[in-house]
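Spelled out from the first residue to the last, the chains are:
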Amino acid sequence: MVEFRAYQEEARYFKYAFNAAGKVVEEAPLIVTENGIVSRAMDASHIAMAVLEMPWEMFDEYEPPSDELMYGLDMEEVTRIVRRARVTDEITLEGEDEEEVIIKLGSSGYEREFRLRSIDIDDIPDEPELDFAVEVTVVPDFIQDAVRDADLVSDTVKVGAKGNTFYFKAEGERGRVIPKVQEGAEALLTFEVEEDVETAYPLDYLKDMIQAAQGAESVRIRLGQDMPLELTFRIGPAGEGKLTFYLAPRVEE
Amino acid sequence: MVEFRAYQEEARYFKYAFNAAGKVVEEAPLIVTENGIVSRAMDASHIAMAVLEMPWEMFDEYEPPSDELMYGLDMEEVTRIVRRARVTDEITLEGEDEEEVIIKLGSSGYEREFRLRSIDIDDIPDEPELDFAVEVTVVPDFIQDAVRDADLVSDTVKVGAKGNTFYFKAEGERGRVIPKVQEGAEALLTFEVEEDVETAYPLDYLKDMIQAAQGAESVRIRLGQDMPLELTFRIGPAGEGKLTFYLAPRVEE
Amino acid sequence: MVEFRAYQEEARYFKYAFNAAGKVVEEAPLIVTENGIVSRAMDASHIAMAVLEMPWEMFDEYEPPSDELMYGLDMEEVTRIVRRARVTDEITLEGEDEEEVIIKLGSSGYEREFRLRSIDIDDIPDEPELDFAVEVTVVPDFIQDAVRDADLVSDTVKVGAKGNTFYFKAEGERGRVIPKVQEGAEALLTFEVEEDVETAYPLDYLKDMIQAAQGAESVRIRLGQDMPLELTFRIGPAGEGKLTFYLAPRVEE
């Protein structure tokens with residue numbers, strides 16, 4: 001029996017979000033209610049969390065379940081499936097008999113159906129409530145460049161705000177890399193800083209998270225001194241949904 | 001002495017066909033007559049056959065040999081050469097002294113000449129004559145998607161027709177994948193079914209064969225219950241030539 | 001203290017040149033004078049030399065040092081950095097305190113700063129003065145094709161001129177490859193031959209050198225019988241700068 005059904009004309013809204021989430025967390029629940037679909041999961045080493053919110057408004061058609069339902073997803077499989085979506089594909093998510101999640105890609109008469117067995121999910125983390133000192137919004141190019149630039153010289157990157165500048169800073173044996181944007185630059189869309197901050201984060205997680213920047217119009221970054229980093233990508237036709245990552249700071253030894 | 005010469009203004013007609021054939025069969029004859037050029041070869045494990053037919057009509061210039069000639073090609077080498085063709089390249093095939101096959105890529109005054117030593121070919125298989133229960137024509141995208149989708153979960157794929165639907169079906173530990181097209185869909189160009197059929201085939205061969213779909217306008221698929229699969233790609237300016245693959249069914253253990 | 005500063009609106013003029021030079025030589029000096037920036041270096045096995053000349057005219061802004069300065073660059077690092085340049089990026093080169101070379105990519109307010117520690121360079125080779133029998137200019141496509149075609153069958157390629165033809169020739173167990181251009185062909189821009197020549201060169205170096213052809217409008221090739229090959233790529237808005245490679249002939253055993 002089909003227990004819920006969510007249809008979106010443009011599969012691309014899910015492609016990059018699921019792809020990035022699936023690189024960060026190994027497995028994730030899919031909690032389906034009359035309000036929409038939500039997922040919250042930590043990675044195996046408890047350094048990163050992914051929170052995916054897809055309210056019913058971001059779907060073109062949404063048939064809710066009669067009661068709240070939960071499925072468990074092997075995110076590596078989900079990643080492999082959504083990567084197969086074409087630009088022109090429509091997408092449908094369905095749940096069947098509390099046992100299978102069905103992802104359908106395609107259009108009328110030409111449909112590719114992927115059925116994933118639901119897996120057991122042990123516990124679902126709560127989303128942290130944090131008070132950030134810095135909140136900026138940047139174009140996706142900036143954070144993609146910054147993370148990949150930093151990766152040239154180190155496996156850690158410092159993210160900071162000072163005066164009117166938001167910057168990344170990485171240092172290694174080979175040299176230093178400092179990608180930065182300043183207030184007034186087109187690449188820096190919003191910039192709110194309560195106090196100067198500089199905190200170090202592990203680059204390998206950031207490299208996976210920025211996959212979601214593909215297809216996003218902007219990325220919100222929030223952080224505080226020695227606090228987790230929060231990255232938020234809006235998804236859906238009018239940004240009704242969102243994918244949020246939290247990343248623990250790297251403690252200097 | 002140049003024994004024959006076949007010239008086509010657009011090398012791309014050969015690029016994808018030779019490339020796909022060269023991935024399926026290790027070596028192949030080139031039988032050259034006044035009617036054109038033909039090749040028939042089985043792969044080393046005798047699971048697949050490739051039949052390439054290039055009648056003189058598909059060439060812009062064709063100078064036949066005085067008698068039937070046969071050369072033997074190391075298809076891996078041919079594949080490596082045709083992959084080097086640019087979109088704008090012209091192509092000329094020549095045979096010399098029964099010892100060398102010459103492939104020329106380029107245009108006036110700018111020519112890249114590749115000379116391959118002819119190798120001995122032991123025997124040339126006959127093309128099978130089969131009575132198929134199902135014959136469909138699909139857009140290349142569909143078969144490419146279907147094969148790659150199936151590859152996500154298994155190394156075998158079932159190909160079938162049931163009612164008004166033509167489908168692929170693959171099942172593995174991770175889940176199930178069912179790409180399908182229905183009568184009336186734009187992706188399904190023709191659909192003739194005498195009886196419902198479902199037969200399993202090895203995916204690794206199919207992955208190589210669908211390389212020929214690049215640049216093809218459509219693909220004809222024929223099969224029967226527990227019979228070989230036949231894939232046909234038309235090649236040439238008006239589809240005068242064709243590349244046909246036969247693939248033995250996978251016997252369930 | 002910033003000791004010199006060279007700014008160009010289009011980073012792409014440097015991207016391919018530095019990238020190719022960095023694949024051929026492991027380390028290189030950066031000699032900065034009031035006339036511009038020059039670099040000369042041999043590869044570790046002394047088979048190839050790269051000479052990069054960037055006169056002040058090729059920069060949009062050039063602030064020379066008060067005296068001649070020299071920095072040493074780890075070219076692998078430089079290659080990794082310039083590869084990160086976007087098409088729209090501006091580029092600035094700076095030297096600081098005789099200890100760091102700074103490469104800045106970006107545009108107003110959005111800047112990525114890369115700092116490389118200067119390394120010791122033992123000795124700087126002189127550019128050879130040679131009397132070549134053959135000088136041709138070809139479109140970049142031709143030399144890229146020729147080198148990659150030759151690579152299909154051998155690790156050595158003969159470069160030659162005979163009559164009105166300039167050619168590459170490679171021979172291996174699998175066959176022969178002969179890319180060629182003739183006087184009058186669009187791909188052969190200039191052709192001056194004092195005597196017929198054919199000299200063998202190692203392909204692996206050529207494969208690295210032709211990376212500079214990307215973005216170049218033409219490539220000048222000079223050679224003589226059993227002499228080094230010289231490849232010259234013009235760089236900059238009006239070709240004010242140039243990158244020259246010298247490659248020792250391969251002695252037949």
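Just so it is clear, the model here is predicted, and its values are computed rather than measured.

Moving on: the relation of the copies chain B and chain C. Between chain B and chain C, the superposition needs a rotation of 120° and an axial shift of 0.1 Å, giving an RMSD of 0.0 Å. Seen this way, the second copy is the image of the first under a three-fold rotation axis. Across chain B, the rotation axis passes nearest the C-alpha of V87 of chain B, at a separation of 14 Å.

Let us look at the interface of chain B and chain A. With 21 residues of chain B in contact, the opposing surface of chain A contributes 16 residues. For the pair chain B and chain A, the two sides together bury roughly 1,700 Å², of which 41% comes from carbon and sulfur. It is L152, R174 and R176 of chain B in chain B that bury the most area against chain A; as a group they hold 34% of the surface buried on that side. Applying the counting rule to chain B against chain A returns 9 salt bridges. With a shortest N-O distance of 3.2 Å, E100 of chain A and R176 of chain B are connected by a salt bridge. For the interface between chain B and chain A, the tally reads 18 residue pairs in polar contact (both at pLDDT 80 or more). Elements that contribute at least two residues to the side of chain B that touches chain A include exactly α3 (140–150) and β13 (175–182) of chain B. No other element matches β13 of chain B, which puts 8 residues into the side of chain B that touches chain A. Broken down by class, the residue content of the side of chain B that touches chain A amounts to 8 nonpolar, 4 polar and 9 charged. Here 7 bridges tie strand β9 (residues 110–117) of chain A to β13 of chain B, and the two strands are oriented antiparallel to one another. The residue of β13 of chain B that forms the bridge with Y110 of chain A is V181 of chain B.

Conventions and cut-offs
- Residues numbered from 1 in each chain as written.
- Chains lettered and ligands numbered in written order.
- Predicted model: local features only at pLDDT ≥ 70, side-chain atom pairs only at ≥ 80, totals over all residues.
- Heavy atoms only, no water.
- Least-squares fit on C-alpha atoms with pLDDT ≥ 70 in both.
- Contact = heavy atoms within 4.5 Å.
- Buried area = accessible area lost by both parts, 1.4 Å probe.
- Salt bridge = Lys/Arg side-chain N within 4 Å of Asp/Glu carboxyl O.
- Polar contact = N/O pair within 3.5 Å; in protein donor to acceptor, adjacent residues only side chain to side chain.
- Helix = DSSP H or I, 4+ residues; strand = E, 2+ residues; numbered from the N terminus.
- Nonpolar A, V, L, I, M, F, W, Y, C, P; charged D, E, K, R; others polar.
- Pairing = 2+ DSSP bridges.

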